[in-house]
Amino acid sequence: MKKFRFNNIADVQAFRISADSSNYFAILFDKPLDDIENIFVVEIFNVGGATPPNEHATAHEFFYVLHGEGIARCNDEEVTIKKGDSLLLHPGNDHAIRNTGTGKLYTLTVMTPNEGFSELIRSGESVTLDAEDLSMLSGE
């Protein structure tokens, strides 16, 4: 068993689930890379971008806002989110995240267990991270 894996920003792979998706994912750690049962990504929402409404049967999904602002919806409740806010969604709740800011929205997103999320992301199209994304991910 590995003791740890160091992840250099230059090695991060990014994917968009479908061509019409307005958000994409920079994968930090997941089952194919690390043989773990969860997934850690930086989720990047373009201006006006959003996740489609979704829910998870067994997984908890965690969001920590790194930069930007938006709205998180869980069932019929909405809250505004901004840098430094965190959100934990329990299984079985319909939810969506939407970027309402004037720039990109970046969240550290963790799903436990993976529940096929890594496979869904990796089945999409590869995305090249732009200079803004690389700057955010590197903390510059």
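Structure shown above.
## Observations concerning the sheet that holds strand E8 (residues 95-99)
Sheet architecture is open: 3 strands sit in the order E6-E5-E8, paired in antiparallel fashion. Each end of this open sheet is capped by a strand with a single partner; those strands are strand E6 (77-82) and E8. Shown here is a sheet whose adjacent strand axes are inclined to one another by a mean of 20 degrees, direction ignored. Note that strand E5 (residues 69-74) and E8 share 5 bridges and pair antiparallel. Paired with glycine 70 across the strands is asparagine 99, a residue of E8.

## Some remarks on the pattern of salt bridges
Counted by the stated rule, this structure contains 8 salt bridges. The residue arginine 122 makes a salt bridge to aspartate 30 at a minimum N-O spacing of 2.7 Å. In this pair, arginine 122 is assigned in helix H2 (residues 117-122) and aspartate 30 in the loop between strand E2 (23-29) and helix H1 (31-34), connecting sequence segments 92 residues apart. What makes arginine 122 partly exposed here is its relative accessible area of 23%. Lysine 104 is paired through a salt bridge with aspartate 130; the nearest N and O atoms lie 2.7 Å apart. In this pair, lysine 104 sits in the loop between E8 and strand E9 (105-112) while aspartate 130 sits in the loop between strand E10 (125-127) and helix H3 (131-138), placing the two residues 26 residues apart along the sequence. Residue classification places lysine 104 among the buried residues on the basis of a relative accessible area of 10%. Each of the salt bridges in this network shares a partner with another, and the network as a whole consists of Lys104, Asp130 and Asp133.

## Focus: unusual backbone geometry
With omega at -10 degrees, the peptide bond leading from threonine 112 into proline 113 counts as cis. Along the chain, proline 113 falls in the loop between E9 and H2. Although it is not a glycine, aspartate 35 adopts a positive phi angle of roughly 55 degrees. Relative to the assigned elements, aspartate 35 resides in the loop between H1 and strand E3 (39-45). With a relative accessible area of 61%, aspartate 35 lands in the exposed category.

## Details of H3
The opening residue of H3, the one whose side-chain oxygen lies 3.0 Å from the backbone nitrogen of glutamate 132, is aspartate 130. Looking one or two residues beyond H3, the residue adopting positive phi is glycine 139, at roughly 75 degrees.

Parameters and conventions
Starting from 1, residues in each chain are numbered consecutively following that chain's sequence as written. In view of the model being predicted, local features appear only for residues whose pLDDT reaches at least 70, and side-chain atom pairs are presented and counted only at 80 or more, with totals across whole chains, interfaces and linings using the full set of residues. Side-chain metrics rest on all non-hydrogen atoms present in the structure, leaving aside hydrogens and water. Should DSSP find at least two bridges between two strands, the strands are taken to pair. Put simply, DSSP H or I for four residues or longer makes a helix, DSSP E for two residues or longer makes a strand, and each gets a number counted from the N terminus. Angular values range over 0 to 180 degrees, each being the angle between N-to-C directions of two axes fitted as lines to C-alpha atoms, with helices fitted over their stretch in contact. One side-chain nitrogen of Lys or Arg within 4 Å of one carboxyl oxygen of Asp or Glu is enough to make a salt bridge. Exposure categories follow from relative accessible area, calculated using a 1.4 Å probe and restricted to protein chains: below 20% of the type maximum is buried, above 50% is exposed, and the middle band is partly exposed. Polar contact criterion, stated in full: a pair of N or O atoms within 3.5 Å, where within protein one must be able to donate a hydrogen and the other to accept it, and residues adjacent in sequence count only if both atoms are side-chain atoms.

The values are spatial; any link to function lies outside them.
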